[in-house]
Amino acid sequence: MASLKYLKNSRLVRGSDPFSIQSGKFKDGILQPVYRSPWSEDVFISDNNEKETVGNSFNSTKLTFFSVMLFLALCVLLSRAAWLQIVKGDYYSSMAEGNRIRIERIAPMRGVIYDRNKNALVRNKANFMLYVVPADLPKKKEQFDDLVKEIKNILGDEVASRIETGIKTVDMASLDAYQPLFIDDNIDYEKAMLLDLKSRYWPGVELSNRSNRDYLYTGVDLKFQNEDDAEVKKLFSLSHLMGYTGKINNDELIKFGDEYLPIDYIGKMGIEYFWENELKGVSGKKQIEVDALGNEKKIIGEKLAVDGHNLVLSLDVNFQLKLEEILQKHLDKLKLKRASAVVMDPNNGEIVAMVSLPAYNNNMFSRGITPGEYSVLINNPDKPLVNHVISGQYPSGSVIKPVMAVAALEEGVITEDTYFISDGGIRIGQWFFPDWRAGGHGRTDVKKAIADSVNTFFYYIGGGFEQFQGLGVERIVNYFAMFGLGSQLGIDLAGETSGLIPSPVWKEKTKNEPWYVGDTYHMSIGQGDVLVTPLQVASFTSVFANGGKLFRPHLIKYVLDSKDNLMSEVDASPVRENFLDDYNLKIVRDGMRQTVTNGSARSMQSAPVTIAGKTGTAQWSSEKQNHAWFSGFAPFDKPELVITILIEEGGEGSSVAVPIANEALSWYFGEYKKTNQK
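Since we're looking at a predicted model, the values are computed, not measured. (Residues numbered from 1 in each chain as written. Predicted model: local features only at pLDDT ≥ 70, side-chain atom pairs only at ≥ 80, totals over all residues. Heavy atoms only, no water.)

Draft legend 1. The arrangement of the confidence of the model for the chain in detail. Considering every residue of the chain, the mean pLDDT works out to 85; 85% of them sit at 70 or more. Between residues 1-23, whose pLDDT stays under 50, and residues either more than four places distant or in other chains, the model counts 36 contacts. (pLDDT = per-residue confidence, 0-100. Contact = heavy atoms within 4.5 Å.)

In structure tokens form, the structure reads like this:
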């Protein structure tokens, strides 16, 4: 069979010989065809004499290329799987779990602040806050728009727009989408109740009943039990001490990390800021299962919050109120706006009262101050937001003269009996340095120099004159530093300034000028570039009152737990002591007492206790009135209080500041102490 043969509609049957092909069966020597069904295909068969070679129609180069591509694709898939499963496994597991299990923080109650007599100065009140959880909000635009519209109908356009604006800042593919996003707070009760009912059916919308601060003053009845029965007044001068809380901002969130949420409030100023860690408490945690709307279904686990610590201040709020009242009355009479007053216990550094006028209502910040309200405060030229007692810097004037006097005594520059003749001032070449009294004060020793504030005496002991050798600028600077001048005293309030004690190095660097003896003269009477705070003046006055100890001024007496159990007491150890001779201190104290008996503060003899002190009149402008100072202590023999008064642009200290201090001390040691002793 040399030619190809076609067997149509026949079935091929292979025999035992793999090279033979049978197309049917033989019968009687004749091949009988075997027919197959009509659907069978024709089969091509070659005979044994012709061989057919089947060529390879697939290119091996292409096979290699496709193999490499397949391998790379598998590598990419495996790498991606490893990234998702291993590297980012916890992250996506948390996201998935977050769809069902949530960790909610339990906010603690912020600590209460009391005055020294346990009168509450602030309370926590209910604050309805609305926030959203972006991950739970409706994904469909129509549903989201409907939700925003309903909120808008209740709270207004501005609040509703915060949702849309806030959502744009959130990465919805991250865990940040599960963080609460603040929308509004201080919501009226009626609106809050309506939101509470509706929010149960709004996915991602939460109404929280958190606490907010309400700053108050408990009235003159110190023994009240029920707050509703007490006279409650706002005392604005407390705002500088208490400060306020406000909603945490982004910078604070970054700084304090996981301790706070974006909807939290944090201390911003005053005690609220300085003692934030003690007041805020420790948050609890609650693990809950939520439904598709983000609503809590059941609690899986819970760790209770620990409420913040309570603080007891050294402040006597009733004295604070009276001091503010007296200051404001005199300011109104003088048609002035700015004044500072501080009262200290010289035996331990406790602040008993601190008033800075003008002041502001810190409840405006607590409830959320409006841009208009804030603009009025920030643009007020009298700076009501500034606590001038610790942040204001002023030339000291003559109130610094007791420090100069004790420095000269300590260094042997003078003795108790040293005297100079004051004839109106001293002249150095073309420069004349005057006394405040024309014609001078005559023969003057150290006690009279303090009592009558004789400038000539302090020119001598400071810069020297002719053959007399004074302290000189270096020793003056050293003694000022010993009394805490030129540096912060460390009071437990933010914003304290250092003041300024000039020196030759400072002047050369700042003004590019040499130091002259005239600079030393000015420094010796608290003028020139000398700057102090009212708190610093009260602090160095305390050194003379208590016999030579410098304390750190402080406002906190005790730290209590949330149940008012004592936890700790503030350390009241002196910062510096035994750095002055007792007899030299006595000389200066006698001079300060002489200020009241026959010096520039004689009007204080009407007080029910003996008072010692020093007046001051500080020049600071050629066009405006001088600042009026008084700083003193009482009772003279056993001091309980130091009081420092500054009336900005008040004029003479003896005629303006002295009457205010006298009235305050007379009230405290008279009417007030008698009432408390009963």
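Draft legend 2. Up close: the packing of aromatic side chains. In this structure the tally under the stated criterion is 24 aromatic pairs. With a centroid separation of 6.3 Å and an interplanar angle of 90°, the aromatic rings of Phe365 and Tyr374 are classed as edge-to-face. Look at Tyr374 and you get partly exposed, because its relative accessible area is 36%. Ring centres 5.6 Å apart and planes at 75° place the aromatic pair Phe483 and Phe579 in the edge-to-face group. Highlighted residues: Phe483 in the loop between helix H17 (473-482) and helix H18 (504-511) and Phe579 in the loop between strand E28 (576-577) and helix H21 (582-598), separated in sequence by 96 residues. There is no split in this pair, since Phe483 and Phe579 are both buried. Taken together, Phe420, Phe457, Phe458, Tyr460, Phe465 and Phe468 form an aromatic cluster joined through their ring pairs. The side chain of Lys118 reaches across the aromatic face of Tyr114, ending 4.9 Å from its centre. Here the basic side chain of Arg589 rests over the ring of Phe636, its NZ or CZ set 4.8 Å away from the ring centre. (Phe/Tyr/Trp six-rings, centres within 6.5 Å; stacked < 30°, edge-to-face > 60°. Buried < 20%, exposed > 50% of the residue type's maximum accessible area, 1.4 Å probe, protein only. Helix = DSSP H or I, 4+ residues; strand = E, 2+ residues; numbered from the N terminus. Lys NZ or Arg CZ within 6 Å of the ring centre and 35° of its normal.)

Draft legend 3. Up close: the sheet that holds strand E10 (residues 181-184). The 3 strands are arranged E10-E9-E11 in an open sheet whose pairing can be described as antiparallel. The sheet is open, and its two edges are formed by E10 and strand E11 (205-215), each paired on a single side. When strand polarity is set aside, the average angle formed by the axes of neighbouring strands in this sheet is 50°. In terms of strand pairing, strand E9 (residues 122-132) meets E11 through 11 bridges, oriented antiparallel. (Pairing = 2+ DSSP bridges. Axes fitted to C-alpha atoms, helices over the stretch in contact; angles between N-to-C directions.)

Draft legend 4. Structural view of the packing of helix H16 (residues 455-463) against helix H19 (residues 517-524). Their axes nearest at 8 Å, the elements H16 and H19 cross at an angle of 125°. As the angle between them shows, H16 and H19 are arranged oblique. Handedness of the crossing formed by H16 with H19: right-handed. Where H16 abuts H19, its residues Phe458, Tyr459, Gly462 and Gly463 lie against Val517, Thr520, Tyr521 and Ser524. (Parallel < 35°, antiparallel > 145°, perpendicular 65-115°, else oblique. Left-handed = near helix turned anticlockwise from the far one by under 90°.)

Draft legend 5. Seen up close, the pattern of salt bridges. The final tally for this structure, using the stated rule, is 30 salt bridges. The partner of Asp214 in a salt bridge is Arg123, and the shortest N-O contact between them spans 2.8 Å. With Asp214 in strand E11 and Arg123 in strand E9, this residue pair connects regions lying 91 residues apart in the sequence. The buried category is assigned to Asp214, whose relative accessible area is 12%. Residue class for Arg123 comes out partly exposed when judged on its relative accessible area of 33%. Among the salt bridges present, the one from Glu640 reaches Lys673, with a minimum N-O distance of 3.0 Å. Within this pair, whereas Glu640 is found in the loop between strand E30 (627-634) and strand E31 (641-647), its partner Lys673 is found in helix H22 (residues 653-677), the two being separated by 33 residues in sequence. The class of Glu640 is partly exposed, set by a relative accessible area of 31%. Taking the relative accessible area as the measure of exposure, Lys673 reaches 22% and is therefore partly exposed. (Salt bridge = Lys/Arg side-chain N within 4 Å of Asp/Glu carboxyl O.)

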